[in-house]
Amino acid sequence: MADNSGFQGGQALLFLTDDQLRKGIEAMYFAYRGFTADPNLILLDYGYGRAHHRVLHFVHRRPGVTVNGLLAILGITKQSLNRVLRVLVDDAMVESRVGPDDKRERHLYLTTKGTALELELADVQTERMRRAYRAAGPVAVAGFRTVLEAMMDAEERRIYESLTGVSSTSGGR
């Protein structure tokens, strides 16, 4: 768990009421809705949804990721991923290449077109995050990340750390 001793009022955070926790849950719902609103408008032009965005994001973050690797990152069924991947491959957003060592493996890469869309989606989310982080300040940003990391299950945290190169210090669940 994070050490709140250096923060004013940190001790009070250990005794949040159910109402305060519910307000935090509601804030996360509305923040997520805002965080995805701008990309959703862009995705709409392509007939894509949130799943397409997640695939584009993680293939961009991990060029050459295998289908099985992407399944582990996304935590979805193979059927769901195949449905989304088929569309992205057909639309020339993602390229699937045969593995160099194992011909049964498929390695995924964004095409130039896929990279352009992923960057457009990332830009609107990055700008929203930048505005929020600037408004909150560095202490709040560090605290926010600590809270998010503490909410991750151990396997989610392991995947997150492998993607970001960041080792979290939170206790998690």
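The following refers to the structure shown. Keep in mind that what you see is a predicted model, and the values were worked out from it rather than measured.

## Some remarks on the pattern of salt bridges
If the charged atoms of two oppositely charged side chains come close together, the side chains can form a pair. Tallied over the full model, the rule gives seven salt bridges. A salt bridge links Asp102 to Arg104, with the shortest nitrogen-to-oxygen separation between them at 3.1 Å. Assessed through its relative accessible area of 71%, Arg104 is described here as exposed. Here Arg158 and Glu155 are joined by a salt bridge, their closest N and O atoms 2.6 Å apart. Residue Arg158 and its partner Glu155 are both found in helix α7 (residues 154-164); the two are separated by three residues, about one turn of the helix. Exposure remark for Arg158: the relative accessible area of 46% places this residue in the partly exposed category. For Glu155, a relative accessible area of 42% corresponds to the partly exposed category.

## Side note on the packing of helix α1 (residues 18-44) against helix α2 (residues 50-61)
Close contact between α1 and α2 brings their axes to 10 Å; oriented N to C, the two are set at 90°. One way to sum up the angle between α1 and α2 is to call them roughly perpendicular. In contact with Tyr32, Thr36, Pro39, Asn40 and Leu43 of α1, α2 contributes Arg50, His53 and Arg54. For the contact of α1 with α2, the per-class residue count stands at three nonpolar, three polar and two charged.

## Focus: the nonpolar core
One finds Val55, Leu56, Leu70, Leu81, Leu88, Val94 and Leu108 to be the most contacted residues of the largest nonpolar core, which totals 25 residues. Of all the elements in the fold, those that place two or more residues in this core are α1, α2, α3 (67-74), α4 (78-90), β3 (106-110), α5 (112-136) and α7. With five residues, the top contributor of residues to this core is α3. When neighbours within four sequence positions are excluded, Leu108 is seen to be in contact with Val59, Arg62, Pro63, Gly64, Val65, Val67, Leu70, Leu85, Val94, Glu95 and Ser96.

Here is what the cut-offs are and how they apply
- Residues numbered from 1 in each chain as written.
- Predicted model: local features only at pLDDT ≥ 70, side-chain atom pairs only at ≥ 80, totals over all residues.
- Heavy atoms only, no water.
- Salt bridge = Lys/Arg side-chain N within 4 Å of Asp/Glu carboxyl O.
- Buried < 20%, exposed > 50% of the residue type's maximum accessible area, 1.4 Å probe, protein only.
- Helix = DSSP H or I, 4+ residues; strand = E, 2+ residues; numbered from the N terminus.
- Axes fitted to C-alpha atoms, helices over the stretch in contact; angles between N-to-C directions.
- Parallel < 35°, antiparallel > 145°, perpendicular 65-115°, else oblique.
- Contact = heavy atoms within 4.5 Å.
- Nonpolar A, V, L, I, M, F, W, Y, C, P; charged D, E, K, R; others polar.
- Core = buried A, V, L, I, M, F, W, Y, C linked by side-chain atoms within 4.5 Å.

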